Amino acid sequence: MTHLLPGFFLPFFGFGFVMYFLPSIIALARSKRDITAIVLLNFFLGWTMIGWVVALVWAVKTDAPMVVR
């Protein structure tokens, strides 16, 4: 019976891992300019939930065009 427990909990941990890093995944998929900053914010402050929401909003926000002088 105890040998079935790791296989039972693995999908839950995988789902939690994907949800925690969802802002980073979205930023990578959208090729954001600030990918490094979003990933670091998500990694270090994602557990606070406020940091996770900020990283998510930053990841889905459209990049403003860069002005070339």
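One can find the structure itself at the top, above this paragraph.
Residues numbered from 1 in each chain as written. Predicted model: local features only at pLDDT ≥ 70, side-chain atom pairs only at ≥ 80, totals over all residues. Heavy atoms only, no water.

A. Geometry of the packing of helix 2 (residues 22-29) against helix 4 (residues 50-60). Taken N-terminus to C-terminus, the directions of helix 2 and helix 4 make an angle of 15°; their axes are 8 Å apart at the nearest point. In terms of orientation, helix 2 and helix 4 fall into the roughly parallel class. In terms of crossing hand, the pair formed by helix 2 and helix 4 is left-handed. Residues L22, P23, I26 and A27 of helix 2 form the contact with helix 4, whose participating residues are W52, A55, L56, A59 and V60. The residue inventory of the contact of helix 2 with helix 4, partitioned by class, reads nine nonpolar, no polar and no charged. (Axes fitted to C-alpha atoms, helices over the stretch in contact; angles between N-to-C directions. Helix = DSSP H or I, 4+ residues; strand = E, 2+ residues; numbered from the N terminus. Parallel < 35°, antiparallel > 145°, perpendicular 65-115°, else oblique. Left-handed = near helix turned anticlockwise from the far one by under 90°. Contact = heavy atoms within 4.5 Å. Nonpolar A, V, L, I, M, F, W, Y, C, P; charged D, E, K, R; others polar.)

B. Inspection of the pattern of salt bridges at higher detail. For the coordinates displayed, the defined rule picks out one salt bridge. Across the salt bridge formed by D63 and K32, the nearest N and O atoms sit 3.1 Å from each other. Of this pair, D63 sits in the segment after helix 4 while K32 sits in the loop between helix 2 and helix 3 (35-45), and the two are 31 residues apart along the sequence. Residue D63 is classed as partly exposed on the basis of its relative accessible area of 30%. (Salt bridge = Lys/Arg side-chain N within 4 Å of Asp/Glu carboxyl O. Buried < 20%, exposed > 50% of the residue type's maximum accessible area, 1.4 Å probe, protein only.)

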